[in-house]
Amino acid sequence: MMIIGIPKEIKNNENRVAITPAGVVTLKKAGHRVLIEKDAGIGSGFINEDYILAGGEIIANASEVWNDSDMIMKVKEPLASEYGYFRRGLILFTYLHLAAEPALAAALKEKGVVAIAYETVSVNRTLPLLTPMSEVAGRMSILLGTQFLLKNNGGQGILLSGVPGVSRGKVSIIGGGVVGTNAAKMAIGLGADVTIIDMSADRLRQLDDIFGTQIQTLMSNPFNIAKAVAEADLLVGAVLIPGAKAPKLVTEAMVKTMKPGSVIIDVAIDQGGIVETIDKITTHDHPVFEKYGVLHYSVANMPGAAPRTSTMALTNVTIPYALQIANEGLLRAIAGSDALKSGVNVANGSITCEAVAKDLKEEYVSIEKALKQEFLAN
Ligand SMILES: NC(=O)C1=CN([C@@H]2O[C@H](COP(=O)(O)OP(=O)(O)OC[C@H]3O[C@@H](n4cnc5c(N)ncnc54)[C@H](O)[C@@H]3O)[C@@H](O)[C@H]2O)C=CC1
Ligand SMILES: CC(=O)C(=O)O
């Protein structure tokens, strides 16, 4: 039996929660206990009674949830005020984005937490625990961009769809994975003129097969990026190198060529972002800032603004992994699952994800080596 704790999210305007009542039923049926911080689900439309009916236990404060649980499931990375709850052997299962969070990586190492990052769990070169949130954020990027392009929101005052007799707006998407594809779907739906840039020729072929002549595909290189940025009314950053810091593909000089009142939505900001002029993460309270006449949006928890949809989409994919860890115990679950193994970013004081270690300029230690004593004991 494992005790699984669900603290309330404390990041700005983060209304998602790491479990639904349906998830509680699944874990309870397998014999585990689920501790849920009071009101943790309210933002996603789940009240305390929903969790109690599902078999969960409502706990009055965060410290009890953290201290009494074997595994903590969260949505966003712990904030500094939560580092004090870390302890040796605690399993933390959440989004972490450690390449952009060195202080968090240091705290996890120092305290000996085993931290499994949703965003690096990989299956056949896909990222199943990132995909649903990328679907949400990709779709949101166009909805938000459309809003910020309106004059009263500081934009140039255009409709991406145009109207009969007036040009459509131009959307340039850099990165044609899940975020990029979902952004393209929405932008095409609105009738915008859409370009997608990716570095993978195979991916560009797939996009061409999916969207045909509804989009323009371009190979990623500085020349094509500069052109697409200069032409864009709405630019979407959607690049990912799993685990690693995002490359700064859009330079300051490129941003200066954009029309005043154009909009950049850098979805990749959670991995540091791809736009040189974005030097800070923004929040849902104050999502945009202006630089060189261009509105920059850099919220790192975009799906937090669509919590009901996002919580259900996220927990659909996380609960089976949580169940595996709870049923088999951490070591057997990791040993038997390449997916979970790829998710472990920190264990026993070492960084166990190669891309994270490289970006943090830290030593990479394989998970087998980091947990050697424990593996041998089992
Ligand atoms: N801000 C937020 O709230 C959210 C952010 N994200 C982030 O969005 C980013 C994208 O995620 P996904 O679409 O799921 O990743 P993905 O792996 O599906 O797609 C990334 C794409 O980037 C391409 N790429 C890599 N290097 C490139 C380069 N130099 N030039 C052009 N393309 C390049 C890859 O070929 C791939 O097609 C990630 O950082 C993810 O964490 C996802 C959800 C929410
Ligand atoms: C992917 C991520 O960090 C989020 O959904 O907030």
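Predicted, not measured: the structure shown is a model, and the values here were computed from it.

A. Up close: the overall build of the protein. Regarding its fold elements, the protein presents 15 helices and 15 strands. The C-alpha atoms of the protein give a radius of gyration of 21 Å, which matches the 21 Å a tight globule of 378 residues would have. Taking the principal axes of the C-alpha coordinates as reference, the protein spans close to 70 × 45 × 35 Å. Sequence-distant contacts in the protein: of pairs separated by 6 or more residues, those separated by 24 or more amount to 65%.

B. Examining the pairing of strand β5 (residues 91–94) more closely. The side-chain alternation of β5 yields two buried faces, one formed by I91 and F93 and the other by L92 and T94. Of the strand pairs in this sheet, strand β4 (residues 71–73) and β5 are connected by 3 bridges, and their pairing is parallel. Along β5, the bridge assignment pairs M71 with I91. Sheet topology places β5 next to strand β6 (residues 114–117); 4 bridges connect them, and they run parallel. By the bridge assignment for β6, F93 is matched with I116.

C. Expanded view of the sheet that holds strand β9 (residues 215–219). Strand order in this open sheet of 7 strands is β9-β8-β7-β10-β11-β13-β12, and the pairing throughout is mixed. The open sheet terminates on both sides in strands that have one partner only, identified here as β9 and β12 (288–291). Geometrically, the sheet is characterised by an average inter-axis angle of 20° between neighbouring strands, direction not taken into account. Of the strand pairs in this sheet, strand β7 (residues 170–174) and strand β8 (residues 193–198) are connected by 5 bridges, and their pairing is parallel. Residue K170 lies in a different strand from β8, and its bridge partner there is D193. Strand contacts of helix α5 (residues 131–148): β10 (234–237), β11 (263–266), β12 and β13 (294–297), with the helix running at about 155° to β11, the strand carrying the most contacts. Most of the contacts of helix α7 (residues 201–211) go to β9, to which it runs at about 175°, and overall it touches β8 and β9.

D. The site of ligand 1, seen in detail. In the vicinity of ligand 1 lie 34 residues, with S134, G177, V179, S220 and M302 positioned nearest. Looking at the shell around ligand 1, the elements that each hand over two or more residues are α5, α6 (178–190) and β8. Partitioning the shell around ligand 1 into residue classes produces 21 nonpolar, 9 polar and 4 charged.

E. Spotlight on the sheet that holds β6. The strand order β3-β2-β1-β4-β5-β6-β14-β15 describes an open sheet built from 8 strands, whose pairing is mixed. Either end of the sheet is taken by a strand with one partner, and the two such strands are β3 (57–59) and β15 (350–351). Note that β6 and strand β14 (residues 344–347) share 2 bridges and pair antiparallel. In the sheet register, A115 faces β14, and the bridge partner there is V346.

F. Structural view of the site of ligand 2. Residues in contact with ligand 2, as listed here, are K76, Y95, E119, L130, M133, D270, N301 and P303. Taken together, the residues of the shell around ligand 2 break down into 4 nonpolar, 1 polar and 3 charged.

G. Main features of the domain arrangement of the protein. Looking at the protein, the domain boundaries give domain 1 (3–112 + 307–377) and domain 2 (132–305). Between the C-alpha centres of domain 1 and domain 2 there is a distance of 31 Å. Counting residues at the interface gives 22 residues for domain 1 and 18 residues for domain 2. For the side of domain 1 that touches domain 2, the secondary-structure elements that each account for two or more residues are α10 (307–328) and α13 (354–360). The leading source of residues in the side of domain 1 that touches domain 2 is α10, at 7 residues. For the side of domain 1 that touches domain 2, the residue count by class is 9 nonpolar, 7 polar and 6 charged.

H. α10, seen in detail. Under the 1.5 Å per step criterion, the end-to-end length of α10 is 30 Å for 22 residues, consistent within 8% with the ideal 32 Å. The sharpest bend along α10 comes to roughly 35°, located at T318, with the proline P320 sitting one to four residues further on.

I. Inspection of the UniProt feature "active site" (unreviewed entry) in the protein at higher detail. Residues annotated in UniProt with the feature "active site" (unreviewed entry) correspond here to H97 and D270. Sequence-wise these annotated residues cover 174 residues; spatially they are packed, their C-alpha atoms never more than 6.5 Å apart. Position of H97 among the secondary structure elements: in the loop between β5 and α4 (102–111). Since 24 C-beta atoms lie within 10 Å of it, H97 is described here as buried. Residues within four places of H97 in sequence aside, it is in contact with E77, E119, D270 and Q271. The topology assignment puts D270 in the loop between β11 and β12. By the C-beta count within 10 Å, which is 27 here, D270 ends up buried.

J. The arrangement of helix α1 (residues 21–29) in detail. All of the buried residues in α1 are P21, G23, V24, T26 and L27. G31 sits one or two positions beyond α1 and adopts a positive phi of about 95°.

K. Quick look at the environment of I19. By the secondary structure assignment, I19 is in the loop between β1 (3–6) and α1. Distance in space between the C-alpha atoms of I19 and F46 is 9.7 Å, their sequence separation being 27 residues. In this structure I19 touches I6, V24, V34, I36, M73 and T315, once residues within four positions along its chain are discounted.

Rules behind the numbers
Residues numbered from 1 in each chain as written. Chains lettered and ligands numbered in written order. Predicted model: local features only at pLDDT ≥ 70, side-chain atom pairs only at ≥ 80, totals over all residues. Helix = DSSP H or I, 4+ residues; strand = E, 2+ residues; numbered from the N terminus. Rg over C-alpha atoms; globule rule 2.2 N^0.38 Å. Contact = placed C-beta atoms within 7 Å. Buried ≥ 20, exposed ≤ 12 C-beta atoms within 10 Å, placed from the backbone. Pairing = 2+ DSSP bridges. Axes fitted to C-alpha atoms, helices over the stretch in contact; angles between N-to-C directions. Near = placed C-beta within 6 Å. Nonpolar A, V, L, I, M, F, W, Y, C, P; charged D, E, K, R; others polar. Domains from an automatic or database assignment. Expected span 1.5 Å × (residues − 1). Bend = angle between axes of the 7 residues up to and from the residue. UniProt positions renumbered as here; feature names shortened; annotations may be inferred.

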